[in-house]
Every structure is written in structure tokens, then in C-alpha cells.
Amino acid sequence: SDLCYAESRDGIHWEKPQLGLFEFDGSKANNIILDGLGTHCFVAFRDNNPDALPEARYKGISRGRPEGKKGLYVFQSPDAIHWSLIKNEPVITDGAFDSQNLAFWDAVTGQYVDYHRYFANGVRSILMCTSDDFVHWTKPVPLKYPGAPRQHLYTNAIRPYARAPHIRIGFPTRFLPEGERVEPIFMSSRDGVTFHRFNEPVIPQTAPED
């Protein structure tokens, strides 16, 4: 599989530049930026850590499984286009990684933060861990949702809230086995572990198809 790049000035109209980095169907006239390891569930972010090196201004985290070494691998890039592995081994191995996993720099705590999926007694749930250098991570801890029903959560989409960065917000994908339905919900946290989950979906099943 391949990872491709597109860019936009308004988030609506997108362009796919011909980067000439990887060959596909006999041509390098494409927008591929990564091939092979890490292309499944790759999530990139601009690293706002003031101590980040120029060659690592952008960082990425992604699932990989070469030679049976399951886990999350980390990447770096000076421009979000040219990527390289930071370490040839997975840096996080505790969890289930077959959907979007993400990381970011938290300016409030001065740490990198990771959120990824795992199974808790058969239910899809979310783990969190932190790092000072994006390579060495703490033991993942499960998120808590006081008063919320026990439901499957796939992707988490957790980020610091820009207008109040001490608060983290998330738009996890809730999976409802009855009817095989998925829907996004909203949750927020002041400590990054205990979240208040709102049960009403952000986009309900009754929403217009467009």
C-alpha cells in the first residue's frame, strides 16, 4: 500500500501534486510520499515543540508489522513530504492498532501524547500514553468515562482544544453492533484520561445524506 499527499488552502479545494518520489504503474508522476511500512493508519502532525529539530518539524505515527513486530512506529519529516523512520522498531506495542492512532505535542504538559485503540474485555476502547522524546513512551493507561454506557469506540480524534489548550476534545467513532452502525460522538477532558462523553451523536442517523 502507499500513502499519498494532497494540500489545500481552505480545506475544501484540494490539489494532488506530482512529487516524483515513488514509482507506481511505471511512472513517478504521482503524489505518493510513503511506500510499505507505516502506510496503514498513518497520522501526521506539525510538531510545535520549540526544541524539535528542523528535520523533524513534522512527525508521524503509524501501525506496522514487519517480521511479526506489531506496534506503532514513528516517523519524521522536514516538510511533511519526505519521511523517514525515527526508529526501526515499534515504540508502542501494547494495544490493537488496526484503525487510526494519533499523537501530538501538548504545550501545556510539555510532552508528546498518544491515543490508540485496544480491546477491554472484548470492547473496543482507547489507551493513552506520553513521551518526552517521541520514542520512549509510558505504559498506556485506559481512558475513563464516568457514567457513560459501555460501548465500542473505534477512532478517537482527540486533540487539545485550540482556544483552551488545557482541555482535550475528541470525536470518537462509536460502533453499535446492532444494525452494524457507526456514528461520531463528542467528548472532553481536563486531564487527558477522564472524559465526559456526550451520548447524542454529532451526526445522527437522521441527518441528510449530503
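Structure shown above.
Computed from a prediction, not measured in an experiment: that's the story for all the values here.

Student: What exactly am I supposed to notice about the sheet that holds strand β17 (residues 181-184) here?
Tutor: Hydrogen bonds between backbone atoms are what pair the strands of a sheet, whose relative direction is either parallel or antiparallel. Taken together, three strands build an open sheet; the order of strands is β13-β16-β17 and the sheet is antiparallel. What marks the edges here is a single partner per strand, and that holds for β13 (152-153) and β17. Strand direction decides the pairing type here: β13 and strand β16 (residues 173-176), joined by two bridges, are antiparallel. Looking across to β16, one finds that Leu153 is bridged to Arg174.

Student: Could you clarify how one ought to interpret the nonpolar core in this entry?
Tutor: Side chains of nonpolar character tend, in soluble globular proteins, to be buried together. Counting 15 residues, the largest nonpolar core has Tyr115, Ile126, Leu143, Tyr145, Met187 and Phe195 as its most contacted members. Elements with a minimum of two residues in this core: β9 (102-106), β10 (111-120) and β11 (123-131). Of all hydrophobic cores here, the second largest spans 14 residues; its members include Leu72, Ala103, Cys129 and Phe134.

Student: Would you mind showing me how to read unusual backbone geometry here?
Tutor: Most peptide bonds are trans, and most residues other than glycine sit at a negative phi. Unusually for a residue other than glycine, Cys41 sits at a positive phi of about 70°. Inspection of the secondary structure puts Cys41 in the loop between β4 (32-35) and β5 (43-46). Of the residues examined, Cys41 reaches a relative accessible area of 17% and is grouped as buried. Here the phi dihedral of Ala80 falls at roughly 70°; this positive angle occurs in a residue that is not glycine. For Ala80, the position within the fold is in the loop between β7 (71-77) and β8 (84-85).

Student: Before we go on, may I ask you to explain the packing of aromatic side chains in this structure?
Tutor: Aromatic ring pairs are reported here in terms of the distance separating the ring centres and the angle at which the planes meet. Under the definition given, this model contains eleven aromatic pairs. Ring centres of Phe42 and Phe75 lie 5.3 Å apart, and the angle between their planes is 65°; this geometry places the pair in the edge-to-face category. A residue pair is termed long-range when its members are at least 10 positions apart, and Phe42 in the loop between β4 and β5 and Phe75 in strand β7 qualify at 33 residues. Ring centres 5.7 Å apart and planes at 70° place the aromatic pair Phe45 and Phe134 in the edge-to-face group. Placement of Phe45 in strand β5 and of Phe134 in the loop between β11 and β12 (141-142) is noted, with a sequence separation of 89 residues between them.

Student: What is the right way to look at the layout of surface pockets in this model?
Tutor: A volume near 210 Å³ is recorded for the largest pocket. As for the largest pocket, its lining consists of 13 residues, and the residues nearest its centre are Asn48, Trp105, Asp106, Ala107 and Pro160. Contributing elements (two or more residues each) for the lining of the largest pocket: β5, β9 and β14 (158-161). In terms of residue class, the lining of the largest pocket is made up of nine nonpolar, one polar and three charged. Estimated volume of the second largest pocket: approximately 170 Å³. Val123, Ser125, Tyr145, Arg150 and Gln151 are, among the 15 residues lining the second largest pocket, the residues nearest its centre. Going through the elements one at a time, β10 and β11 are the ones with two or more residues in the lining of the second largest pocket. Take the lining of the second largest pocket: its biggest share by element is four residues, from β11. When grouped by side-chain class, the residues that make up the lining of the second largest pocket number nine nonpolar, three polar and three charged.

Quick notes on the rules
Residues numbered from 1 in each chain as written. Predicted model: local features only at pLDDT ≥ 70, side-chain atom pairs only at ≥ 80, totals over all residues. Heavy atoms only, no water. Pairing = 2+ DSSP bridges. Helix = DSSP H or I, 4+ residues; strand = E, 2+ residues; numbered from the N terminus. Core = buried A, V, L, I, M, F, W, Y, C linked by side-chain atoms within 4.5 Å. Buried < 20%, exposed > 50% of the residue type's maximum accessible area, 1.4 Å probe, protein only. Phe/Tyr/Trp six-rings, centres within 6.5 Å; stacked < 30°, edge-to-face > 60°. 1 Å grid on protein atoms, 1.4 Å probe; cavity = no way out; pocket = protein on both sides within 12 Å on 5 of 7 lines; lining within 4 Å. Points joined across faces, edges and corners; volume = space filled by probe spheres on them. Nonpolar A, V, L, I, M, F, W, Y, C, P; charged D, E, K, R; others polar.

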